[in-house]
Amino acid sequence: PDVVFWLGEVWFHLGDYDRCLRLGSLVYYDPRHWEARRGRGEFYFWCRDWDRAILEFNICIDIHPRAVRVWTHRARCWIERGDWDRARHDLDRCREYNPRYWHQYYTRGMLHERRGQWQDADREYSRAVEHNPREWRAYQQRSLVRERLGRTTEAAKDLERAQQLNRGQRHASPEIG
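Only a predicted model underlies this, so the values are computations on that prediction, with no experimental measurement involved.

(A) Representation of the overall build of the protein chain within the structure. When helices and strands are tallied, the protein chain shows 11 helices and 0 strands. Reading the protein chain from its N terminus to its C terminus gives the helix and strand order α-α-α-α-α-α-α-α-α-α-α. Here the protein chain, with 177 residues, has 47% of them falling under the buried criterion. Counted over contacts in the protein chain with a minimum sequence separation of 6, partners at least 24 positions apart contribute 47%. Surface exposure of the protein chain reaches about 9800 Å², of which carbon and sulfur atoms provide 46%.

Below you can see the structure in the form of structure tokens.
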């Protein structure tokens, strides 16, 4: 089952979503395969199908409750649905299981940003940078928040750092705000 699962990951990243979804049948062969559930949940997440993503993440958490990546992804689903309390609960669980996991701080920053809590968002993105100084997305999001706070010099430095770290990968926006 693991080989089939990883093949699905490859198809997902290549954009062959039909083949990727057909691998959902792996769950029928082994319904306790938590990584297959996580993969399906992430697929639904990226398709913006929050309900299906949450369902898969719920099952995954039941199987493997300490999977911090799953808690973080489910928190992002709650953020997209505007359910701040559930998002915060999931992020608190994530911090309980692994307080050094950078992505939980990044997601907390997103939560505060969506709520217009700019100082709190800046603090959480700074924690994400502290726990993973090589992650360009945290610098980019912090630059946007700092621009909002009127801290343009710091925002420009963060954006420059995001672009340095992101060379040859994904797009780091040269425009702030």
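That covers the picture; the talk isn't over yet.
(B) Representation of the side chain of Arg-108 within the structure. Tracing the backbone shows Arg-108 in helix H8 (residues 102-114). Among the polar contacts made by the side chain of Arg-108, one reaches the side chain of Asp-92 at a distance of 2.9 Å. When residues no more than four places from it in sequence are discounted, the contact partners of Arg-108 are Leu-91, Asp-92, Arg-95 and Glu-124.

(C) Representation of helix H9 (residues 118-131) within the structure. With 14 residues, H9 extends 20 Å from end C-alpha to end C-alpha; this agrees with the ideal 20 Å at 1.5 Å per step. Regarding H9, the residues found buried are Ala-121, Asp-122, Glu-124, Tyr-125, Ala-128 and Val-129. Looking at the buried side of H9, the elements it contacts are H8 and helix H10 (136-148).

(D) Representation of the nonpolar core in the model. Ranked by size, the top nonpolar core spans 23 residues in total, and within it Ala-53, Val-70, Cys-77 and Ala-87 carry the most contacts. Counting residues per element, the ones that place at least two in this core are helix H4 (34-46), helix H5 (50-63), helix H6 (68-81) and helix H7 (84-97). Beyond its immediate chain neighbours, meaning those up to four positions away, Cys-77 contacts Phe-45, Trp-50, Ala-53, Ile-54 and Phe-57. Among the nonpolar cores identified, the runner-up in size contains 14 residues, and Trp-102, Tyr-106, Ala-121 and Val-129 belong to it.

(E) Here's a closer look at the pattern of salt bridges. With the rule as written, the count across this model stands at 24 salt bridges. Between Arg-146 and Asp-158 there is a salt bridge; the shortest N-O distance is 3.3 Å. Here Arg-146, found in helix H10, pairs with Asp-158, found in helix H11 (residues 152-165); they are 12 residues apart in sequence, far enough to count as distant. Note on accessibility: Arg-146 and Asp-158 belong to one class, buried. When salt bridges with common partners are traced through the structure, they connect Asp-122, Arg-142, Arg-146, Arg-151, Glu-154 and Asp-158 into a single cluster.

Rules behind the numbers
- Residues numbered from 1 in each chain as written.
- Predicted model: local features only at pLDDT ≥ 70, side-chain atom pairs only at ≥ 80, totals over all residues.
- Heavy atoms only, no water.
- Helix = DSSP H or I, 4+ residues; strand = E, 2+ residues; numbered from the N terminus.
- Buried < 20%, exposed > 50% of the residue type's maximum accessible area, 1.4 Å probe, protein only.
- Contact = heavy atoms within 4.5 Å.
- Areas by Shrake-Rupley, 256 points an atom, 1.4 Å probe, with all protein chains shown as cover.
- Polar contact = N/O pair within 3.5 Å; in protein donor to acceptor, adjacent residues only side chain to side chain.
- Expected span 1.5 Å × (residues − 1).
- Core = buried A, V, L, I, M, F, W, Y, C linked by side-chain atoms within 4.5 Å.
- Salt bridge = Lys/Arg side-chain N within 4 Å of Asp/Glu carboxyl O.

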